[in-house]
Amino acid sequence: MAGLGLVAVLLAACSGQTETAGTAQAVGAAGAAGTATVPGVPAATVAFEGGDQLSPKDPIVVKASGGTLQAVTVTNPQTGNGVEGDLSPDKTTWTSKDRLRYGATYQVAATAVNQAGAATEQHGEVHTLKPSGVATASLFQPASGDFGVGLIIGLKFDHDITDKATAEKSFKVTSTPAQDGGWYWVSKREVHFRPKDYWKAGSTVKLETTTFGMPIGGGVYGGQDVSATYKVHDSWIAKADGKTHQIKAFHNGQLVKTAPISMGKTVDTPPRGPTPTFNGTHTVLSKVDHTIMDSCTYGVCEGDPGYYKAPENWDVRISNDGEYLHENLKTVGVQGSDNVSNGCLNMNTENAKWFFDNFNVGDVVEITNSGGPQLTINNGHGDWAISWNAWQAGSALHG
């Protein structure tokens, strides 16, 4: 009955269409136009984009022309999972709201009715693109927590990122209060963020990515997005000087503690040569109240000259190279006058425990005059050793 008018159901990015009273077409944001003609119903003009290679970041859209949608079912037969969606107030458009998968086929069944109540059912398939690789990010720090003003945040990917600029545009960091900061690419797979100066005490810092579904070079697309919220506690900054053999602790800018220390030795003392402490700004990476320090972790093993394996207490780690603030009773006699350690900052029991109790992850330890090289970015959080101009140059958007 042509006078009643039948309904045309339009499927976004459909590759399969059944020849029934209604006609399924692919609907996209742009592309070549096609028309569907049904007796008694004005021709529908449909835009088509990307063939059947729908980005999983985009929704599946089902539209009815000349009537309203009565039911829409979308399933992934590979997993058996259904896809949830929302119907527009006028019941002419259904839009998926679940996150789609890469390289998946979705089966779509839609029923629509015209103004006379006549129903038509349409079936089709939607295919999402299959990238050559999916780069999934992990957080450089846990997704939440309480950190010091030296907090460094960032992302590590499991694939090389060849289009760093595009990827970087999908990263967002917001801080309250607002602070000037920027990204720095450590490698093709790792990128860090820090402010120009230390974070302000009491700040809230939020990191979000929107890389999923985005091409980021070489046929690789972004994996699942990540987000994190960090709290910055009071400012705790220690300043250790290898010439005075003293460490001073500042809480919110006020000097609250001075203690004698012994840093790493700078002289060639057999059976092991110089072991100077790294110069530069360190941040606390972790801490444990007791550990066994074993020289075999850096290649000096049992039977080698200089081998040691000793229990140590009140251990505050400040680099990946095994530098700690900790108790060492063997060096108490020279703490405050000489540097004799294997790179750590030795203290007596009382002072070591005080720093253990008060300094936490992200708190700052600035080391000067140690006689050692500068702490590097891949040795803990040597990010602060990089000048702000050089840091900005390390961004794919500004370099």
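None of the values given here were measured: they were computed from a predicted structure.

The rules we used
Residues numbered from 1 in each chain as written. Predicted model: local features only at pLDDT ≥ 70, side-chain atom pairs only at ≥ 80, totals over all residues. Heavy atoms only, no water. Helix = DSSP H or I, 4+ residues; strand = E, 2+ residues; numbered from the N terminus. Buried < 20%, exposed > 50% of the residue type's maximum accessible area, 1.4 Å probe, protein only. Contact = heavy atoms within 4.5 Å. Areas by Shrake-Rupley, 256 points an atom, 1.4 Å probe, with all protein chains shown as cover. Pairing = 2+ DSSP bridges. Axes fitted to C-alpha atoms, helices over the stretch in contact; angles between N-to-C directions. Core = buried A, V, L, I, M, F, W, Y, C linked by side-chain atoms within 4.5 Å. Arc of directions from axis to C-beta. Polar contact = N/O pair within 3.5 Å; in protein donor to acceptor, adjacent residues only side chain to side chain. pLDDT = per-residue confidence, 0-100.

1. Thoughts on the overall build of the chain
(1) Moving on: When you go through the chain residue by residue, the secondary structure sums to three helices and 29 strands.
(2) Moving on: Expressed as a percentage of its 399 residues, the buried residues of the chain come to 47%.
(3) Moving on: In the chain, the share of contacts with a sequence separation of at least 24, taken over all contacts with a separation of at least 6, comes to 63%.
(4) Moving on: For the chain, the accessible area works out to roughly 18200 Å², and carbon and sulfur atoms hold 50% of it.

2. Some points on the sheet that holds strand E12 (residues 137-139)
In any sheet, the strands associate via hydrogen bonds between backbone groups, in a parallel or an antiparallel arrangement.
(1) Moving on: If you trace the four strands from one edge of the open sheet to the other, you get E12-E14-E17-E16, paired in antiparallel fashion. At either margin of the open sheet sits one strand with a lone partner, and together these are E12 and strand E16 (181-185). Adjacent strand axes in the sheet meet at a mean angle of 20° when their direction is disregarded.
(2) Moving on: Bridging between E12 and strand E14 (residues 153-157) involves three bridges; their strand directions are antiparallel. Bridge pairing in E14 places Leu-139 opposite Leu-155.

3. Looking at the nonpolar core
(1) Moving on: Residues Leu-155, Phe-171 and Tyr-230 are the most contacted members of the largest nonpolar core, which totals 27 residues.
(2) Moving on: Among the elements of the structure, E14, E16, strand E17 (190-195), strand E18 (204-209) and strand E20 (227-232) are those that each provide at least two residues to this core.
(3) Moving on: With residues up to four places along the chain from it excluded, the contact list for Phe-171 reads Leu-155, Phe-157, Trp-183, Trp-185, Val-191, Glu-208, Thr-209 and Thr-211.

4. Some remarks on helix H2 (residues 349-358)
(1) Moving on: Residues Asn-351, Ala-352, Phe-355 and Phe-356 constitute the buried set of H2. Each buried residue of H2 lies within a common arc of 135° when the element is viewed along its axis, so the set occupies one face.
(2) Moving on: Two or three places before Glu-350, at the opening of H2, Asn-348 has a side-chain oxygen 3.3 Å from that residue's backbone nitrogen.

5. So, the confidence of the model for the chain
(1) Moving on: Mean pLDDT over the chain stands at 85; residues scoring 70 or higher make up 85%.
(2) Moving on: Counted against residues more than four places away or in other chains, residues 1-8, with its pLDDT under 50, gives 26 contacts.
(3) Moving on: For the stretch residues 12-51, pLDDT sits under 50, and the model shows 90 contacts to residues farther than four places along the chain or on other chains.

6. Considering unusual backbone geometry
Most peptide bonds take the trans form, and the phi angle of most residues other than glycine is negative.
(1) Moving on: Geometrically, the link from Thr-176 to Pro-177 is a cis peptide bond, its omega value of 0° lying close to zero.
(2) Moving on: As for its position among the elements, Pro-177 is in the loop between strand E15 (171-176) and E16.
(3) Moving on: The backbone of Lys-91 sits at a positive phi, close to 60°, despite the residue not being glycine.
(4) Moving on: Overall, Lys-91 belongs to the partly exposed group, its relative accessible area being 45%.

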